[in-house]
Amino acid sequence: MSSLLTALHISTGAMQAEQGALEAASNNVANVNTPGYSREIPAFSENPPFVLGNLTFGTGVSLEKLSGVRDNVLQLRIQGESGQQGALDALVSGLNQAQTLFTSSSSDISSQLSNLFSSISQLATNPASVPLRQGVLTAASNLASSFRNTASNLATQASNLNLSVTQAVEQVNTLTQQIAGLNGQIAALQNVGQDASAFVDQRDVLINQLSGLIDVSRISSDSGITLTTSNGTALVAGGQSFSLSTQFGASGVQHIFAQGTDITAQLNSGQLGGLLEVRDQKIPALLAGLDTLASGVANAFNSANTAGFDLNGNNGGNLFVPPPSGPGAAAILTVAITDPALIAASSDGSAGSNGNLRNFSAIHDQPTISGQTPSDYYGNLVFGLGNDVSTATAELQSSQLVLQQLQDQRGSISGVSLDDEASHMIEYQRAYEAAARVATTVNQMLETVINMVNL
């Protein structure tokens, strides 16, 4: 009688174990398309045997636990590459926006500079012509306007990047709060020996998203995980998150603070790293180049105009309002005169002289700006921007390929294979059915024994 009860217990335990494994396989199939899901595998263990004299009797099987299949090193690599891709994506986007300001229309600085020299050449054919003189003033005004518009658009882009920085910081804070919450749920389940795989997967997905926004270092601990920036600024510690904040600095741009400490200059990865590189390095460099060009062009044309005589026979004055030698020259460049008669085309004071226009035309080929001609300087400025775009784009494409390969590798390790799960489901189902048959047989035998005793 006791042997039959033991056999019934063993078969019932086997049915429970196989049912748990079957449910795990079903859950794997259900999550075949869930991003970040790690398939679960059952771990069966033999129950401790029962020893009776010289005999040892097995006591069946238990489903010890369900384990998610993960490669922690691979996860760290995906996390790091996500940060690299986030930074490059923001960098390429920002550089492309800046590039359109220099190459998108016929009103760019290069075209307007060419138009100014062309109008001077036309004036040389009839230096006393007021319409041709007006053409020079119009071309000079258009050139100054192009400088101002380009500088203004770059400043607007920088302002928009401030907004993007603020939004990215808000996203970082949202993610760190969610990760801290998951840390608490995972710890609570693991402390009572329960499976927390679903929450671990969710946390890994959120950490990858966080890495795409800011550089993240991950440290495992008994209370969960600790996340910091690469310079050690705390983001998450167990169930606690540490929010970042933004505040305008003295330069008029948003700075990022962590517990009162400015960490802006220390962020170099993720979307924030890319945004900050464009805002704090690339755009200021472009504006500095425009300022140098604007000052050089204005000073060169002013020198040329003051070297001659205007249509009234007077000494020429400045053609452009003298710009400051430092920052801001391009943003405020304007023409100093409105009367076309004040253009100093003459070299001897006579109305029909065009001798001084040679000084204007010579500017085209003079290395007046950092040892370069105006056209060459502007061309190198645009070329440098284009080269940055090309380099960053190539790096982004490479990063995307690497990340895709890492994700594919993760999929081969942690992803769900429908063929494998179908095979496992059949295996577990057959084992369950076999255990059920044993239980049915034992139950019938028990009924027979009971009936015999009653007789």
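Definitions and cut-offs
- Residues numbered from 1 in each chain as written.
- Predicted model: local features only at pLDDT ≥ 70, side-chain atom pairs only at ≥ 80, totals over all residues.
- Heavy atoms only, no water.
- Helix = DSSP H or I, 4+ residues; strand = E, 2+ residues; numbered from the N terminus.
- Rg over C-alpha atoms; globule rule 2.2 N^0.38 Å.
- Contact = heavy atoms within 4.5 Å.
- Polar contact = N/O pair within 3.5 Å; in protein donor to acceptor, adjacent residues only side chain to side chain.
- Axes fitted to C-alpha atoms, helices over the stretch in contact; angles between N-to-C directions.
- Parallel < 35°, antiparallel > 145°, perpendicular 65-115°, else oblique.
- Left-handed = near helix turned anticlockwise from the far one by under 90°.
- Nonpolar A, V, L, I, M, F, W, Y, C, P; charged D, E, K, R; others polar.
- Phe/Tyr/Trp six-rings, centres within 6.5 Å; stacked < 30°, edge-to-face > 60°.
- Salt bridge = Lys/Arg side-chain N within 4 Å of Asp/Glu carboxyl O.
- Buried < 20%, exposed > 50% of the residue type's maximum accessible area, 1.4 Å probe, protein only.
- Pairing = 2+ DSSP bridges.
- Expected span 1.5 Å × (residues − 1).
- pLDDT = per-residue confidence, 0-100.
- Lys, Arg positive; Asp, Glu negative; His and termini not counted.

Attention shifts here to the overall build of the chain. Helices and strands together make up the secondary structure of the chain, namely 9 helices and 11 strands. The C-alpha radius of gyration computed for the chain amounts to 38 Å, which surpasses the reference 23 Å derived for 455 residues by more than 25%, pointing to a less compact arrangement than a globule. Here the C-alpha coordinates of the chain stretch approximately 145 × 45 × 30 Å along the principal axes. Sequence separation of at least 24 residues holds for 69% of the intrachain contacts in the chain that already meet a minimum separation of 6.

Further remarks concern the side chain of Gln 157. Note that Gln 157 resides in helix H4 (residues 130–191). Here the side chain of Gln 157 touches Gly 94 through a polar contact of 2.8 Å, landing on its backbone oxygen. Ignoring any residue separated from it by four or fewer positions in sequence, one finds Gln 157 in contact with Gly 94, Gln 97, Ala 98, Leu 101, Val 278 and Ile 283.

All right, on to the packing of helix H3 (residues 109–125) against H4 then. Running from amino to carboxyl end, H3 crosses H4 at an angle of 170°, the nearest separation of the two axes being 8 Å. Judged on the interaxial angle alone, H4 and H3 are roughly antiparallel. At the point where H3 passes H4, the crossing takes the left-handed sense. Where H3 abuts H4, its residues Ile 109, Gln 112, Leu 113, Asn 115, Leu 116, Ser 119, Ile 120, Gln 122, Leu 123 and Thr 125 lie against Leu 132, Arg 133, Gly 135, Val 136, Ala 139, Ala 140, Asn 142, Leu 143, Ser 146, Phe 147 and Thr 150. Classifying every residue of the contact of H3 with H4 gives 11 nonpolar, 9 polar and 1 charged.

Attention now moves to the packing of aromatic side chains. Evaluated as defined, the whole model comprises 5 aromatic pairs. Following the ring pairs from residue to residue traces out a cluster consisting of Phe 117, Phe 301, Phe 320 and Phe 360.

Let's shift gears to the pattern of salt bridges. For the coordinates displayed, the defined rule picks out 4 salt bridges. Asp 201 is the salt-bridge partner of Arg 70, the closest N and O atoms lying 2.9 Å from each other. Here Asp 201 lies in helix H5 (residues 197–211) and Arg 70 lies in the loop between strand S4 (61–68) and helix H2 (72–103), a separation of 131 residues in the sequence. Looking at Asp 201, the relative accessible area reads 5%, which means it is buried. A salt bridge links Asp 280 to Arg 279; its shortest N-O distance comes to 2.7 Å. Judged by relative accessible area, Arg 279 falls into the buried class, the value being 3%.

Following the sequence through the fold, Thr 368 ends up in the loop between helix H7 (357–362) and helix H8 (374–414). The spacing of Thr 368 and Ser 110 is 258 residues in sequence and 16 Å in space, taken between C-alpha atoms.

With that settled, the discussion passes to the sheet that holds strand S10 (residues 254–258). Spatially, the 3 strands line up as an open sheet ordered S9-S10-S11, and their pairing is antiparallel. This sheet does not close on itself; its edge strands, each paired only once, are strand S9 (244–248) and strand S11 (261–262). The sheet contacts of H4 involve S9 and S10, and relative to S9 the element is tilted by about 160°.

This part takes up H2. Between its first and last C-alpha, H2 extends 46 Å over 32 residues, near the 46 Å set by a 1.5 Å rise per residue. At the N-terminal end of H2, a side-chain oxygen is found 3.1 Å from the backbone nitrogen of Val 73, two or three residues along, and the residue is Asp 71.

Here we take up the packing of H2 against H5. Between H2 and H5, the shortest axis-to-axis distance is 7 Å and the interhelical angle comes to 30°. Taken together, H2 and H5 sit at an angle that is classed as roughly parallel. When H2 is examined against H5, the residues Gln 75, Ile 78, Gln 79, Ser 82 and Gly 83 are found in contact with a partner set consisting of Asp 204, Ile 207, Asn 208 and Ser 211. Per-class residue counts for the contact of H2 with H5 are 2 nonpolar, 6 polar and 1 charged.

Strands sit in the order S5-S6-S7-S8 across an open sheet of 4 strands; the sheet is antiparallel. This sheet does not close on itself; its edge strands, each paired only once, are strand S5 (217–221) and strand S8 (240–241). Across 5 bridges, S5 lies against strand S6 (residues 224–228) in antiparallel orientation. Bridge assignment links Ile 219 to a residue of S6, and that residue is Thr 226. Sitting on the sheet, H4 is in contact with S6, strand S7 (234–237) and S8, with an inclination near 25° to S7. Strands S5, S6 and S7 of the sheet are contacted by H5, whose axis makes an angle of about 5° with S6.

Let's shift gears to the environment of Asn 314. Residue position: Asn 314 is located in the loop between helix H6 (270–306) and H7. Exposure remark for Asn 314: the relative accessible area of 45% places this residue in the partly exposed category. Distance in space between the C-alpha atoms of Asn 314 and Asp 280 is 47 Å, their sequence separation being 34 residues. Once residues within four sequence positions are removed from consideration, Asn 314 is found in contact with Gly 308 and Phe 309.

So, about the confidence of the model for the chain. The pLDDT averaged across the chain works out to 88; a share of 94% of its residues lies at or above 70. Put simply, strand S3 (residues 55–57) is where the chain has its lowest mean pLDDT, 70, and H6 is where it has its highest, 95.

Moving on, we get to the side chain of Arg 203. Tracing the backbone shows Arg 203 in helix H5. Although Arg 203 is buried, it forms no salt bridge, and the closest oppositely charged side chain is Asp 204 at an N-O distance of 4.7 Å. When sequence neighbours within four positions are dropped, the list of residues in contact with Arg 203 reads Ile 179, Leu 182, Asn 183, Ile 186, Arg 218, Gly 224 and Ile 225.

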